[in-house]
Amino acid sequence: MNKNIDLNNLQNEGVENVPMQERRDFLKMGLAITGIFAGGSLFSAVSTFNSAHASDFAKKYPYKPHYSMVMQQHRCIDCERCMDACVATNHVPKVHGAYRTTILEKETPDAVGGKREFIPILCNQCNLPQCTRVCPTKATYKDKTTGIVLMDIKKCIGCLTCQEGCPYNARYFNEEKKAVDKCNFCWDTRLSKGEKDTACAHACPADVRIFGDLSNQEDRVFKIVHQIEKAVWVLRPEAGTRPNVFYTKG
Amino acid sequence: MTIRSLCITAVAALSLAAGVAVAASYPEAPIVYDKPVKGVVFSHKTHVEKGLACDMCHNRLFEQQAKKAQENKDFVMESLYQGKYCGACHNGSLAFASNTRCATCHIGVKGEERSKTGGKTEKKGH
């Protein structure tokens, strides 16, 4: 072996044959391998910081703060304190089918251990919302400063096209308002009044719902979405709406 | 020490002998706690069928009156982690640890409604 490596004339031997474990070890350090040299004794790498995990959905954070929620799904116990808090805070009528947030139940009878899991859902405040695109009167819109999908109930004609367009079943017709109603991350009831979280996140006793700012690297939401130890996903990614509600487990 | 272990053996033997009688007299319907959070199930059947005797929980960990424990302020998960209530067994060695498999006991509001009606809950929002 030639021990005097000519550093100026090294050839990249290609990353195709780098073992998966090696790649993962580097990724955990926040680095992606870009080349190997000198028969595998040297690596070149770049920071993965900007191409963060779940990057298809979280690539850009155009709002400041960029409101987001992470659900630690495995911790949900369906105590429904979140739903009660939402109803009380946002005056959601107690009638069948009316909710701004709810909890789905998935039974897993064949699983080892737990036999069910609960999945909290709410409006995903998508970056590319379908509901606002299909609304004929622009009664629902993506707010330019907060990024929250809001309702202007005066403009709503109750055609329910937004309900059809929403991949998350996050809208209902409010008989009292005579308009469609939906989660707005408690914008009018809490955030605009200086509160730092939503009523549901505030009420959760199990630390399932974590509300925060996805554009702030110090924020818990940012840290969970960008780590690579645990999987992070969104619901119905195929809808292509780039949702701002993320899920994780374990 | 010897006397104590003898006593324990005697108690265990008695419990086993009384097993059949005990099994016939436990409440059949699951108990569903609603405080401090709604929808937490305890099934006598599940536990008796695993061979547990009454005196393993009564009245040291739980009084016989159903849901009496939830009147206590310390009837919270933190107490379980310290070995109180369900945590006496659900500690990861005797039975699965209290800080795992949350939804096994936490059947939720939906589970609570199901246990009342004996069937499926009406699905909300669909």
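Residues numbered from 1 in each chain as written. Chains lettered and ligands numbered in written order. Predicted model: local features only at pLDDT ≥ 70, side-chain atom pairs only at ≥ 80, totals over all residues. Heavy atoms only, no water.

Enquirer: What is the right way to look at the overall build of chain B in this model?
Expert: The number of helices and strands found in chain B is six helices and two strands. Along its sequence from the N terminus, chain B presents helices and strands in the succession α-α-β-β-α-α-α-α. Of all 126 residues assigned to chain B, the portion counted as buried reaches 29%. Within chain B, counting contacts between residues at least 6 apart in sequence, those at least 24 apart form 46% of the total. A total accessible area of about 8,500 Å² is found for chain B, and carbon and sulfur atoms account for 61% of it. (Helix = DSSP H or I, 4+ residues; strand = E, 2+ residues; numbered from the N terminus. Buried < 20%, exposed > 50% of the residue type's maximum accessible area, 1.4 Å probe, protein only. Contact = heavy atoms within 4.5 Å. Areas by Shrake-Rupley, 256 points an atom, 1.4 Å probe, with all protein chains shown as cover.)

Enquirer: Explain the domain arrangement of chain A here, please?
Expert: Interfaces are often sized by the amount of accessible area the parts lose when they come together. Taken domain by domain, chain A consists of domain 1 (7-47) and domain 2 (55-248). Spacing between the C-alpha centres of domain 1 of chain A and domain 2 of chain A amounts to 40 Å. (Domains from an automatic or database assignment.)

Enquirer: Looking at this model, I keep getting lost on the nonpolar core. Mind explaining?
Expert: Within soluble globular proteins, side chains that are nonpolar tend to cluster in buried spots. Within the largest apolar cluster, 31 residues are counted, with the highest numbers of intra-cluster contacts made by Met69, Met71, Leu122, Phe185, Phe211 and Val245 of chain A. When contributions to this core are tallied by element, the ones reaching two or more residues are β3 (67-72), α3 (81-90), β5 (116-122), α6 (199-203) and β12 (245-248) of chain A. Considering each element in turn, this core owes the most residues, four residues, to β5 of chain A. Setting aside residues up to four positions removed in sequence, Phe185 of chain A forms contacts with Tyr67, Ser68, Met69, Leu122, Cys123, Gln125, Ile148, Leu191, Thr198, Phe211 and Val245 of chain A. One finds Cys79 of chain A together with Tyr33, Leu61 and Ala69 of chain B within the second-largest nonpolar core, a separate group that totals 12 residues. (Core = buried A, V, L, I, M, F, W, Y, C linked by side-chain atoms within 4.5 Å.)

Enquirer: Help me out: how do you make sense of the environment of Lys94 of chain A in this one?
Expert: Mapped onto the secondary structure, Lys94 of chain A falls in the loop between α3 and β4 (101-107). Separated by 34 residues in sequence, Lys94 of chain A and Lys60 of chain A have C-alpha atoms that sit 37 Å apart.

Enquirer: When you look at the pattern of salt bridges in this model, what are you seeing that I'm missing?
Expert: Should the charged atoms of two oppositely charged side chains come close, the side chains can pair. As enumerated under the stated definition, the model contains 19 salt bridges over all chains in all. Between Asp213 of chain A and Lys64 of chain A there is a salt bridge; the shortest N-O distance is 3.5 Å. In this pair, Asp213 of chain A is assigned in strand β10 (residues 209-213) and Lys64 of chain A in the loop between α2 (55-58) and β3, connecting sequence segments 149 residues apart. According to the relative accessible area criterion, Lys64 of chain A is exposed, its value standing at 60%. We note a salt bridge from Asp207 of chain A to Arg220 of chain A, for which the minimum N-O separation is 2.7 Å. One end of the pair, Asp207 of chain A, is in the loop between α6 and β10; the other, Arg220 of chain A, is in helix α7 (residues 220-226), and 13 residues separate them in sequence. Taking the relative accessible area as the measure of exposure, Arg220 of chain A reaches 42% and is therefore partly exposed. Ionic contacts of the salt-bridge type, sharing partners, join the residues Asp78 and Glu80 of chain A together with Lys110 of chain B into one network. (Salt bridge = Lys/Arg side-chain N within 4 Å of Asp/Glu carboxyl O.)

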